[in-house]
Amino acid sequence: MKRYSKLIIAAIIALIFIGTFVFLWQKSQPKEVVYNEFTPKMEDIQKTTIITGKIEPRNEVNVKPQISGIISELYKEPGDYVNTGDVIAKVKVIPDMNQLSSAEMRVRLAEINLKQSETDFQRVENLYNQKLVSADEHDKSKLALNQAKHELSAAQDALQVVRDGVSKSNAKASSTLIRSTISGVILDIPVKVGNSVILSNTFNDGTTIASVANMNDLIFRGNIDETEVGQLVSGMNMKITIGALQDLKFDASLEYISPKAVESNGANQFEIKAAVKLSEGGKIRSGYSANAEIVLASAQKVLTIPESSIEFSGDSTFVYIVKGDGKEKTYERTQVTTGLSDGVNIEIKKGLTAKDKVRGPEVIADEDNK
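Every value quoted in this text rests on a predicted model; they were computed, and no experiment measured them. (Residues numbered from 1 in each chain as written. Predicted model: local features only at pLDDT ≥ 70, side-chain atom pairs only at ≥ 80, totals over all residues. Heavy atoms only, no water.)

Caption draft 1: Region of the structure containing the environment of arginine 123. Looking at the element boundaries, arginine 123 is found in helix H2 (residues 97-129). Sequence separation between arginine 123 and serine 141 is 18 residues, and the spatial gap between their C-alpha atoms is 9.4 Å. (Helix = DSSP H or I, 4+ residues; strand = E, 2+ residues; numbered from the N terminus.)

Caption draft 2: Just the sheet that holds strand E7 (residues 177-179), in detail. Here four strands make up an open sheet; going across it, the order is E7-E6-E4-E9 and the pairing antiparallel. Taken across any chain shown, the strands that pair with only one partner, and hence form the sheet edges, are E7 and strand E9 (196-197). Relative to strand E6 (residues 87-93), strand E4 (residues 69-74) runs antiparallel, the two being bridged by five bridges. Bridge pairing links isoleucine 71 to valine 91 in E6. (Pairing = 2+ DSSP bridges.)

Caption draft 3: The arrangement of the environment of alanine 210 in detail. Turning to its location among the elements, alanine 210 is positioned in strand E10 (residues 210-213). With 22 residues separating them in the primary sequence, alanine 210 and aspartate 188 have C-alpha atoms 5.6 Å apart. For alanine 210, the contacting residues outside a window of four places in its chain are Val61, Asn62, Val63, Ile88, Ile186, Asp188, Ile189 and Pro190. (Contact = heavy atoms within 4.5 Å.)

Caption draft 4: Fine view of the pattern of salt bridges. For the structure shown, the criterion picks out 10 salt bridges. Where lysine 329 meets glutamate 37, a salt bridge forms, and the shortest distance between an N and an O atom there is 2.7 Å. Highlighted residues: lysine 329 in the loop between strand E17 (316-323) and strand E18 (330-341) and glutamate 37 in strand E1 (residues 35-38), separated in sequence by 292 residues. On the basis of relative accessibility, which here comes to 28%, the residue lysine 329 falls in the partly exposed class. With relative accessibility at 29%, the residue glutamate 37 sits in the partly exposed group. Note that aspartate 120 and arginine 123 form a salt bridge whose closest N and O atoms lie 3.2 Å from each other. (Salt bridge = Lys/Arg side-chain N within 4 Å of Asp/Glu carboxyl O. Buried < 20%, exposed > 50% of the residue type's maximum accessible area, 1.4 Å probe, protein only.)

Caption draft 5: Spotlight on the pairing of strand E11 (residues 218-225). In the sheet, strand E2 (residues 41-57) pairs with E11 via five bridges, with the strands oriented antiparallel. Paired with isoleucine 55 across the two strands is phenylalanine 220, which belongs to E11. In this sheet, strand E14 (residues 267-277) lies alongside E11 in antiparallel orientation, the contact comprising seven bridges. Bridge pairing in E14 links isoleucine 224 to phenylalanine 270.

Caption draft 6: Representation of the nonpolar core. Membership of the largest hydrophobic core comes to 25 residues, with the highest contact counts inside it found for Ile51, Ile55, Phe220, Leu232, Met238, Ile240 and Ile272. Of all elements in the fold, only E2, E11, strand E12 (237-242), strand E13 (248-264), E14 and strand E15 (289-306) reach the threshold of two or more residues within this core. Ignoring anything within four residues of it in the chain, the contact list for isoleucine 272 reads Ile51, Phe220, Arg221, Gly222, Ile224, Leu232, Met238, Leu254 and Tyr256. Membership of the second largest hydrophobic core comes to 18 residues, among which are Val63, Ile67, Val93 and Ile209. (Core = buried A, V, L, I, M, F, W, Y, C linked by side-chain atoms within 4.5 Å.)

Shown next as structure tokens:
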């Protein structure tokens, strides 16, 4: 029994040894190299580039107050449409104490001057009635009285403006009412009731009450690499795609190319702007991310082959033309002149005909299917 067991074990070892030898021998045998083959085609070819950017209104205005104070009322909300002059908010004035004291002092002085002018005029008028003074003196006294009345009225208006931000004489043009300076959609109101606001002056830009923009006049703003900017000209058509709107597409027309580059991630890029042509019923929000596809060059009805079948050697390009068939198949290296490429296919200007067949990349066998 032990003898048979030893024979079986020996046989198994021999089979393993022979199998390993056969496997290694097969692996060491040269494999037949198989290549893809392509037939040149007559077709249109385009070189395009994709520019990443965003959609924004051409004209966005920040509405700011003409006086400092506290927001007492807000009449509009983001998304509301406003016309030029519509009231967006109201500001309650917090008067400056120095200005308030000066305005009050001016009113008191105006009241004193008015009383004195009234007394003087009454005296001169009595004398004039008795024909003891000339008409010229009487007119001068009357003029001084009128001037004193106007000065008091102006002083009272100034006091109301300092104290309340509005006077009776200019209620309609009140600086406490913050009005839109353009017609458009309110994009943002960054303040709330109770917030303090300041007017624009030499030392600061002032508080923004609202941002208003015309959403019917939009532009695409993006950056293009310096290697491609030389192929752009104003007026070129672009296709704008907004991914957030289920790949909504719009046409656009290039209208601005920056004359100065900006460095971004180590590369020089140039800013571009394109006027977006909105379709009827299309509603776009400011700030949407978008991609712009622009055709840099194109060629119609030209001979093309896959760019993967081209061999680049220095400044020259070559292809391998298939000769013969079966075991007698050979590949003839031929120089060609190339043209436009779209990254997949490339134009052949010279050195190849539509009847030729060219060798492509090597076919990589799938080891799992062996």
